[in-house]
Amino acid sequence: MLQFLATSTPFFAVIALGAFTAWRGLFSADAVRVFNTFAFMVATPAMVLRVMSRQPIAELWNGVFFAALALIGVAVLALAIVLQRRLLGLPFPNAVSRGQALVGGNFAFLGIPLMLAFLGDSAAAPIAIGLICDTALIVPLSIGLIEAGRGQGSPLSIALRLVRGTIVNPFMLSILAGIALSLSGLALPEPVDRFLLFLGASAAPVGVFALGIAAFQWSREGKLPLRGVLPLVVGKLVLHPLLTWVVLALVLKLDPFWVQAGVLYAALPIAANVFVISERFNTGSRPIAAAIVISTAAAALTFPLAIWLISP
């Protein structure tokens, strides 16, 4: 628990700073969209490109582990979309964003340092695979589904929007470039690497800062809904890791190391980039913002519990 609290403290500090600046009137409501656009279009692609290019993907790859995480993520996303549509009657794009909240964990901000702390240097392999699963599959697929669900059209036009939204977006393009560099063995020139490090380091703080501004503005207006937040929190902190453990440990019977890595990956709280994407595409970001904050606070208890349950 202490390790999680130490790692998550900057997250809450940046949220508080964003809320404070909003309280002081330093930023208007339009600032949230500006910050999110910067995080989505500029900072995050720079971070992803650099991280992916530096991973020895060919050496670290575990196809079974990746396939399991991918299938679990897609299954949870699909189930969440169906339930949100049928039970709450949400528009399809909004249901996709809430479904992404059940799968997309706070990997860059919390996952990487926590997995290194609990698994040691061996965590490099599951970290690389987790990054690919999250950034190369779940995020682009969610964006593609949101794009496909916007407006009407023939099945062909919807399919084309899905493909275009999944592949032709900053996340996927930076991932493809990073994977190409990793497989080629080419290193980024030092000035380029430093530039991407400088720019990419702002991705998570900027997104979380915007989250703090938005949360304060909505709460002051009485427009920060809590209805529907609890299922998102429980789904991410309980359903996702439990399903991951069942598949990895009971169905596939993987080595305990990979089971632990998979459960730690799934037990992370909701990622700030879910809010960034939802805000950018206007898919009902307010309950997602509340779920991110609450899930991160609740994970101070559920994450250590997950570690204890899967420890040998």
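Residues numbered from 1 in each chain as written. Predicted model: local features only at pLDDT ≥ 70, side-chain atom pairs only at ≥ 80, totals over all residues. Heavy atoms only, no water.

> Explain the overall build of the chain here, please?
Helix and strand counts for the chain stand at 15 helices and 0 strands. Here the chain holds 312 residues, and 53% of them are scored as buried. Contacts in the chain between residues far apart in sequence, at least 24 positions, make up 82% of those at least 6 positions apart. (Helix = DSSP H or I, 4+ residues; strand = E, 2+ residues; numbered from the N terminus. Buried < 20%, exposed > 50% of the residue type's maximum accessible area, 1.4 Å probe, protein only. Contact = heavy atoms within 4.5 Å.)

> Explanation requested: the packing of aromatic side chains in the structure shown.
Think of a pair of aromatic rings as described by two things: how far the centres are apart, and how the planes are tilted against each other in angle. Counting across every chain of the model gives 8 aromatic pairs. Ring centres of Phe 20 and Trp 23 lie 5.7 Å apart, and the angle between their planes is 45°; on these two criteria the pair is classed as tilted. Linking Phe 20 with Trp 23, this pair stays in helix α1 (residues 2–23), spanning 3 residues, or about one helical turn. You can call Phe 20 partly exposed: its relative accessible area is 45%. Their ring planes at 75° and their centres at 5.3 Å tell us that Phe 27 and Phe 35 sit as a pair that is edge-to-face. (Phe/Tyr/Trp six-rings, centres within 6.5 Å; stacked < 30°, edge-to-face > 60°.)

> Please explain unusual backbone geometry as it appears in this structure.
Backbone geometry follows two general trends: most residues other than glycine have a negative phi, and most peptide bonds adopt the trans configuration. Although it is not a glycine, Lys 253 adopts a positive phi angle of roughly 55°. By secondary structure assignment, the location of Lys 253 is in the loop between α12 (229–251) and α13 (256–266). Its relative accessible area of 63% is what places Lys 253 among the exposed residues. Here the phi dihedral of Asn 282 falls at roughly 55°; this positive angle occurs in a residue that is not glycine. One can find Asn 282 in the loop between α14 (272–281) and α15 (285–310).

> I tried to follow the packing of helix α4 (residues 63–88) against α12 on my own but got confused; where do I start?
A pair of packed helices is captured by two measures, namely the crossing angle of their axes and the spacing between those axes. Across the interface, α4 lies against α12 with an axial gap of 10 Å and an inter-helix angle of 140°. As summarised for this structure, α4 and α12 are arranged oblique, according to the angle between their axes. Classified by chirality, the crossing of α12 by α4 is right-handed. Contacts from Phe 65, Ala 68, Leu 69, Ile 72, Val 76 and Gln 84 of α4 reach α12 at Leu 232, His 240, Leu 243, Thr 244, Val 247 and Leu 248. For the contact of α4 with α12, a count of residues per class yields 9 nonpolar, 3 polar and no charged. (Axes fitted to C-alpha atoms, helices over the stretch in contact; angles between N-to-C directions. Parallel < 35°, antiparallel > 145°, perpendicular 65-115°, else oblique. Left-handed = near helix turned anticlockwise from the far one by under 90°. Nonpolar A, V, L, I, M, F, W, Y, C, P; charged D, E, K, R; others polar.)

> I'm lost on the confidence of the model for the chain in this one. Help?
Averaged over the chain, the pLDDT score is 82; the fraction of residues at 70 or greater is 87%. Element-level pLDDT for the chain is lowest in helix α8 (residues 155–167), with a mean of 64, against a maximum mean of 93 in α12. (pLDDT = per-residue confidence, 0-100.)

> Is there a simple way to think about the packing of α12 against α13 in this case?
At a minimum axis separation of 8 Å, α12 and α13 run at an interaxial angle of 160°. Taken together, α12 and α13 sit at an angle that is classed as roughly antiparallel. Our pair here, α12 against α13, has a crossing hand that is right-handed. Taken together, the residues of α13 that come into contact with α12 (itself represented by Lys 236, His 240, Pro 241, Thr 244, Trp 245, Leu 248 and Ala 249) are Trp 258, Val 259, Gly 262, Val 263, Tyr 265 and Ala 266.

> Sorry if this is basic, but what is going on with the nonpolar core here?
Side chains that are nonpolar tend, in soluble globular proteins, to be buried together. One finds Met 115 and Phe 275 to be the most contacted residues of the largest nonpolar core, which totals 88 residues. With 14 residues, the single largest contributor to this core is helix α7 (residues 124–148). (Core = buried A, V, L, I, M, F, W, Y, C linked by side-chain atoms within 4.5 Å.)

> Explanation requested: the side chain of Lys 236 in the structure shown.
In this fold, Lys 236 is placed in helix α12. We note that Lys 236 is buried and unpaired, the nearest opposite charge coming from Asp 134 at a distance of 8.3 Å. Only 2.5 Å separates the side chain of Lys 236 from the backbone oxygen of Ala 266, close enough to count as a polar contact. Side-chain polar atoms of Lys 236 contact the backbone oxygen of Leu 268, separated by 2.9 Å. In contact with Lys 236, other than residues within four places in its own chain, are Ala 101, Leu 102, Val 103, Gly 104, Gly 105, Pro 241, Tyr 265, Ala 266, Ala 267, Leu 268, Pro 269 and Ile 270. (Lys, Arg positive; Asp, Glu negative; His and termini not counted. Salt bridge = Lys/Arg side-chain N within 4 Å of Asp/Glu carboxyl O. Polar contact = N/O pair within 3.5 Å; in protein donor to acceptor, adjacent residues only side chain to side chain.)

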